Amino acid sequence: MPNAVSPKVAIVILNYNTRELLEKFLPSVLATEYAHNEVWVVDNASTDDSVAYCKANFSQVQLLVTEKNLGYAGGYNWALSQIKADYYVLLNSDVEVSSNWINPLVEMAVSDPTIGAIQPKILDYKNKTKFEYAGASGGFLDKFGYPFCRGRIFETVEKDSGQYHTNEEIFWASGAAFFVRADLFKLAGGFDKDYFAHMEEIDLCWRLKNMGYKIMACNESTVYHLGGGTLSETNPQKTYLNFRNSLYTLRKNLPLHTAFGLLFIRHVLDLVALLKFLLTGKFKHAFAINRAHYAFLMNQ
């Protein structure tokens, strides 16, 4: 169990060829007003000068370097196995934090031992009056297993006018700013490394819920996410990973009889998405959906 008096928080930033993002956003993280924290940068075998830049400019940051790119899931699993803390915050390299963002997260976690993971309110760095796509004010799944958020449904992102300014139980917390009990992360087996990137936080949150723990949104804590720092929305590989990993998540976390029917419906709905990509000339994205379903079926 975490130390309830003064829990140690490790803020862990996974980096891959985004030295310019570290330069822009790491200073706000280092200005965090929480005494018992450590800041770690985990470099995922970058080919740019990220490591040299951190060593030269951020001596107070602790640095780990992988031998090869392990992806989001594998990179964090590898790093967190070596970092001792009561709580981890997995923070994207393209996130600016407010100075007091950690304290409300710790206070919420300490107040209820059945809370497994928490996300802060995530606003758009480019327009700080709006929620940001990757998490907004807390994540959910619809009846077909597609993710959406308080403040974001599909491509529609809302302005933050206080409509979600409550601390609520949610289904999944965003991997852009993911606060999790360290002991539970390890007890649950961490992220599924086969995901590589995208939706691994949804899978982990679902496993934590199946273990009896709650996932929460804490809206007293605010961060600002740039988005698209590693794989942009226009990258077909992101489409592939999102569709494939969504299918994996349903198969892993639902009872077999429920998963079978839902996966059949998803094959039909994803075919509609594939056809839409074809009709709009986005052939690489259409092929990515096809690859995703083939990879899923070959791994059953």
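About the cut-offs
Residues numbered from 1 in each chain as written. Predicted model: local features only at pLDDT ≥ 70, side-chain atom pairs only at ≥ 80, totals over all residues. Heavy atoms only, no water. Helix = DSSP H or I, 4+ residues; strand = E, 2+ residues; numbered from the N terminus. Buried < 20%, exposed > 50% of the residue type's maximum accessible area, 1.4 Å probe, protein only. Contact = heavy atoms within 4.5 Å. Pairing = 2+ DSSP bridges.

**Q** Would you mind going over the environment of Val 95 with me for this structure?
**A** Its place among the elements puts Val 95 in strand 5 (residues 95-97). Since its relative accessible area comes to 1%, Val 95 is described here as buried. Taking the C-alpha atoms as reference, Val 95 lies 9.7 Å from Leu 123; in sequence the two are 28 residues apart. With sequence-adjacent residues up to four places away left out, Val 95 is seen in contact with Phe 25, Ser 28, Val 29, Ala 176, Val 223, Tyr 224 and His 225.

**Q** Hey, could you run me through the pairing of strand 14 (residues 214-225) in this one?
**A** Residues in a regular strand project their side chains so that they alternate between the two faces of the sheet. Among the 12 residues of strand 14, 10 are classified as buried, and the element is accordingly described as predominantly covered. Examined bridge by bridge, strand 5 and strand 14 share 3 bridges and lie antiparallel to one another. Note that in strand 14 the partner of Val 97 across the bridge is Val 223. One ladder, built from 9 bridges, connects strand 6 (residues 115-124) with strand 14; its direction is parallel. What sits directly across from Asp 124, in strand 14, is His 225. Pairing analysis gives 3 bridges linking strand 12 (residues 168-170) to strand 14, with the strands arranged antiparallel. Following the sheet pairing, Ile 170 is matched in strand 14 by Ile 215.

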